[in-house]
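Reading the structure
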Amino acid sequence: MRIIAANDYEDMSKKAAAILMAQVVTKPDSILGLATGSTPIGLYKNLIRWYEEGLVDFSRVRTWNLDEYRGLPRDNDQSYYYFMHENLFDHINLPKEASHVLNGMNPDPEAECASYDAAIDAAGGLDIQLLGLGHDGHIAFNEPQDDFPAGTHCVDLNPITIEANARFFASRDEVPRQAYTMGIGSIMKARRILMVVSGADKAQALKQVIEGPVTPQVPGSILRFHPDVTIVATKDALGATGAK
Ligand code: GLP
């Protein structure tokens, strides 16, 4: 596990964007696993700027996103499909058919999830997976539980996650109760993992990931078993750990 300390959110966003950009520059047909949440927004802004400056080209890249709320139409501004278009896809030269986000409106969870993992495998697997970190240690929408789910699946969201995401909706009642998410196994198959973490409110979760026991009760802790993980975190997020 490589841990890179950043001074603040801007610094974290730049350092992490540089890692993703280097991935695409060195392998122009990279398969990227992308993430939503507030943490990667600054990273995406840097990628857009560097694309506009001609430093990086996405014309041969393909992307798969981690997760999507179940039952939220793609034109809802809180869907992850909408988020990705607004914060990245609409601003770079990624071909329209090259981005993949789970379809939250598919009423058949098994069909939606099985075909997603199969498509990633058929494309050759993820070169790098970008991750944020939930307050309860979740990655994608893999909540604390008794085992590590392998493939993409449908989940019931934890009250703490519903609460954390309520800030984006008009009211808590509007937050979907379920989501489709890549499994821990889908994430661990990626050749590289890049996690971004910002803010003192994530310090306890990050400490558990880096230093606590590897347990499905802290889903992100599984990353300690992955051979190529880079965590770019702000100093306050690293504040509870030995890494400064
Ligand atoms: C959601 C997403 C996760 C994300 C997490 C943290 O639950 N499904 O992929 O990492 O929120 O989000 P934020 O970066 O806004 O703290």
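Scroll up to find the structure.
Parameters at a glance
Residues numbered from 1 in each chain as written. Predicted model: local features only at pLDDT ≥ 70, side-chain atom pairs only at ≥ 80, totals over all residues. Heavy atoms only, no water. Near = heavy atom within 4 Å. Polar contact = N/O pair within 3.5 Å; in protein donor to acceptor, adjacent residues only side chain to side chain. Areas by Shrake-Rupley, 256 points an atom, 1.4 Å probe, with all protein chains shown as cover. 1 Å grid on protein atoms, 1.4 Å probe; cavity = no way out; pocket = protein on both sides within 12 Å on 5 of 7 lines; lining within 4 Å. Sits in = over half its atoms within 2 Å of the grid points. Nonpolar A, V, L, I, M, F, W, Y, C, P; charged D, E, K, R; others polar. Pairing = 2+ DSSP bridges. Helix = DSSP H or I, 4+ residues; strand = E, 2+ residues; numbered from the N terminus. Axes fitted to C-alpha atoms, helices over the stretch in contact; angles between N-to-C directions. Expected span 1.5 Å × (residues − 1). Buried < 20%, exposed > 50% of the residue type's maximum accessible area, 1.4 Å probe, protein only. Contact = heavy atoms within 4.5 Å.

1. Some remarks on the site of the ligand
As a structural note, the neighbourhood of the ligand is formed by 14 residues, with Ser38, Thr39, Asp67, His138 and Lys202 the closest of them. Side-chain polar atom of Thr39 to an oxygen atom of the ligand: 2.4 Å apart, as the coordinates give it. In this structure, Leu133 approaches the ligand through a main-chain N or O atom, which is 3.5 Å from an oxygen atom. Here the ligand loses 96% of its free accessible area of 390 Å² to cover by the protein chains. Among the cavities detected, the one that contains the ligand is the largest pocket. A per-class count over the shell around the ligand returns four nonpolar, seven polar and three charged.

2. Side note on the sheet that holds strand S8 (residues 178-181)
What the three strands build is an open sheet, ordered S4-S8-S7; its pairing is antiparallel. In this open sheet, the two edge strands, each paired with only one partner strand, are strand S4 (67-69) and strand S7 (153-156). If you compare each strand with its neighbour and ignore which way they point, the axes differ by 25° on average. Pairing of S4 with S8, which is carried by three bridges, proceeds in the antiparallel orientation. Following the sheet pairing, Glu68 is matched in S8 by Tyr180.

3. What about helix H2 (residues 41-52)?
Over its twelve residues, H2 extends 17 Å from the first C-alpha to the last, a length consistent with the 16 Å expected when each residue adds 1.5 Å. The set of residues buried in H2 consists of Gly42, Leu43, Tyr44, Asn46, Leu47, Ile48 and Trp50. Taken together, the buried residues of H2 touch helix H1 (9-26), strand S2 (31-34), helix H3 (80-87), strand S6 (128-131) and strand S9 (192-197).

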